[in-house]
Amino acid sequence: MAQLHGKVALVTGASQGIGYQIALRLARLGAFVCVHAHRSKESLMQLVATIEAEGGKAAPIFADLSDAKGPYEIQAQFDKIVADAVGETRLDILVNNAGVLKREPIESVTSEQFDLTLMVNLKAPFFLTQCMLPRLRDHGRIINISSMGTRMAFPEMAVYAPAKAGLEALTRLLAAHLGPRGITVNTVAPGLTETAMSPIDEHTAARAISSIALGRIGAPGDIADVVAFLATDEAKWITAQRIEVSGGQKI
Ligand SMILES: NC(=O)c1ccc[n+]([C@@H]2O[C@H](COP(=O)([O-])OP(=O)(O)OC[C@H]3O[C@@H](n4cnc5c(N)ncnc54)[C@H](OP(=O)(O)O)[C@@H]3O)[C@@H](O)[C@H]2O)c1
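Asks: Looking at this structure, how should I read the overall build of the chain?
Replies: For the chain, the helix and strand inventory stands at seven helices and seven strands. Sequence-ordered secondary structure for the chain, helices as α and strands as β, is β-α-β-α-β-α-β-α-β-α-β-α-α-β. For 251 residues, the compact-globule estimate of 2.2 N^0.38 gives 18 Å, and the C-alpha radius of gyration of the chain, at 17 Å, lies within 12% of that figure. Oriented by its inertia axes, the alpha-carbon framework of the chain measures out at about 50 × 40 × 40 Å.

Asks: Sorry if this is basic, but what is going on with the site of the ligand here?
Replies: Near the ligand there are 33 residues, and of these Ser15, Arg39, Ser40, Tyr160 and Thr195 occur at the shortest range. At a separation of 2.7 Å, an oxygen atom of the ligand approaches a polar side-chain atom of Ser15. Interatomic distance of 2.5 Å between a side-chain N/O atom of Tyr160 and an oxygen atom of the ligand. With the chains in place, 93% of the 900 Å² that the ligand exposes on its own is no longer accessible. Elements supplying a minimum of two residues to the shell around the ligand: α1 (17-28), β2 (32-37) and α5 (160-178). Residues belonging to the shell around the ligand are distributed by class as follows: 14 nonpolar, 16 polar and three charged.

Asks: I keep staring at the pairing of strand β1 (residues 8-11) and nothing clicks. Help me out?
Replies: Side-chain positions along a regular strand alternate between the two faces of the sheet. Alternating positions in β1 separate into two faces, Val8 and Leu10 on one and Ala9 and Val11 on the other, with burial throughout. Of the strand pairs in this sheet, β1 and β2 are connected by four bridges, and their pairing is parallel. Considered in β2, the bridge of Val11 is made with Val35. This β-α-β element, β1 to α1 to β2, shows right-handed connectivity. Both β1 and strand β4 (residues 91-96) contribute to a ladder of three bridges, which runs parallel.

Asks: I would appreciate a short explanation of the environment of Ile243 in the present structure.
Replies: With respect to the helices and strands, the residue Ile243 is situated in strand β7 (residues 242-245). Taking the C-alpha atoms as reference points, Ile243 and Ile145, separated by 98 residues in sequence, lie 9.8 Å from one another. Aside from chain neighbours lying at most four places away, what touches Ile243 is Thr187, Val188, Ala189, Val226, Leu230 and Ile238.

Asks: In this structure, what is going on with the nonpolar core? I would like to understand it.
Replies: If you look at soluble globular proteins, the nonpolar side chains tend to sit buried side by side. Membership of the largest hydrophobic core comes to 34 residues, with the highest contact counts inside it found for Ile22, Leu26, Val33, Leu47 and Val95. Within the residue set of this core, elements represented by two or more residues are β1, α1, β2, α2 (41-53), β4, β5 (136-145) and α7 (220-231). By residue number, the principal contributor to this core is α1, which donates seven residues. Apart from the residues lying within four places of it in its own chain, the contact partners of Ile22 are Val11, Val95, Asn97, Ile145, Ala224 and Val227. Of all hydrophobic cores here, the second largest spans 27 residues; its members include Ala63, Met132, Leu167 and Val185.

Asks: Help me out: how do you make sense of the sheet that holds β2 in this one?
Replies: Adjacent strands of a sheet pair through backbone hydrogen bonds, lying either parallel or antiparallel. Here seven strands make up an open sheet; going across it, the order is β3-β2-β1-β4-β5-β6-β7 and the pairing parallel. Edge strands, defined here as strands with exactly one partner in the open sheet, are β3 (57-62) and β7. On average, adjacent strands in this sheet sit at an angle of 20° to one another, irrespective of strand direction. Packing against the sheet, helix α3 (residues 70-86) makes contact with β1, β2, β3 and β4, and its axis sits at approximately 155° to β2.

About the cut-offs
- Residues numbered from 1 in each chain as written.
- Predicted model: local features only at pLDDT ≥ 70, side-chain atom pairs only at ≥ 80, totals over all residues.
- Heavy atoms only, no water.
- Helix = DSSP H or I, 4+ residues; strand = E, 2+ residues; numbered from the N terminus.
- Rg over C-alpha atoms; globule rule 2.2 N^0.38 Å.
- Near = heavy atom within 4 Å.
- Polar contact = N/O pair within 3.5 Å; in protein donor to acceptor, adjacent residues only side chain to side chain.
- Areas by Shrake-Rupley, 256 points an atom, 1.4 Å probe, with all protein chains shown as cover.
- Nonpolar A, V, L, I, M, F, W, Y, C, P; charged D, E, K, R; others polar.
- Buried < 20%, exposed > 50% of the residue type's maximum accessible area, 1.4 Å probe, protein only.
- Pairing = 2+ DSSP bridges.
- Right-handed = clockwise from strand over helix to strand, strands pointing away.
- Contact = heavy atoms within 4.5 Å.
- Core = buried A, V, L, I, M, F, W, Y, C linked by side-chain atoms within 4.5 Å.
- Axes fitted to C-alpha atoms, helices over the stretch in contact; angles between N-to-C directions.

If you want it as structure tokens, here you go:
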């Protein structure tokens, strides 16, 4: 199962949750995975150790994506790591996964919350993609992690949903722009998935499960499986798509 052997991947927000599982799967398929986080040094290093213990290859990158300098810091660390490890600065798979969600209806959103949410969920993936484009090889992959919150109206996602909708628009635009190079660009939109971002108590579980066709709450691995598929050669004819991975939530 070394479908990604020789490929270089970069996964943002890989210290926990969905990003952690995406990085694990890409490494298991043979990619050299640069894994990024902001604060969670210990869990990111543990991810690198786990990948290496399984015989894979990974390296950590740290940067704050709520800071406009964040994407450039990722690029600088990536360039050094990959030049040392691979002998040239190149990228095959970019997964823009890092995200933040402050649950607030429009009445209580502050200007600071608005800026932070737009910055991490939209501006950072935009400029990270811009930074990495010269490194992204033909037939590469860009996979942006959005949310089912762009399809359904959840009033407490007053800033988050518009930010993710912007990311989805960027996905389609880039798919058209980069198609001539064989680069595919897709959105994966998770439904409710049990992570630090969406802790599930008994009440949430009961309410949510009744709205999910497959009758359970998503696990990070459910999302990561689809992202890993999109990274493989078998998915080369899929581009500009928004794939909702939610077990059929609120259909
Ligand atoms: N969980 C859900 O129900 C759900 C549903 C729909 C969509 N999503 C989307 O799926 C993606 C992953 O979510 P998750 O649930 O796995 O979240 P999570 O467990 O909270 O993990 C978020 C990741 O993003 C990183 N991050 C947060 N703020 C950052 C910043 N300022 N700079 C750099 N990195 C930052 C975190 O790094 P540190 O740990 O170092 O801070 C962490 O690795 C997000 O884009 C989210 O919007 C999640």
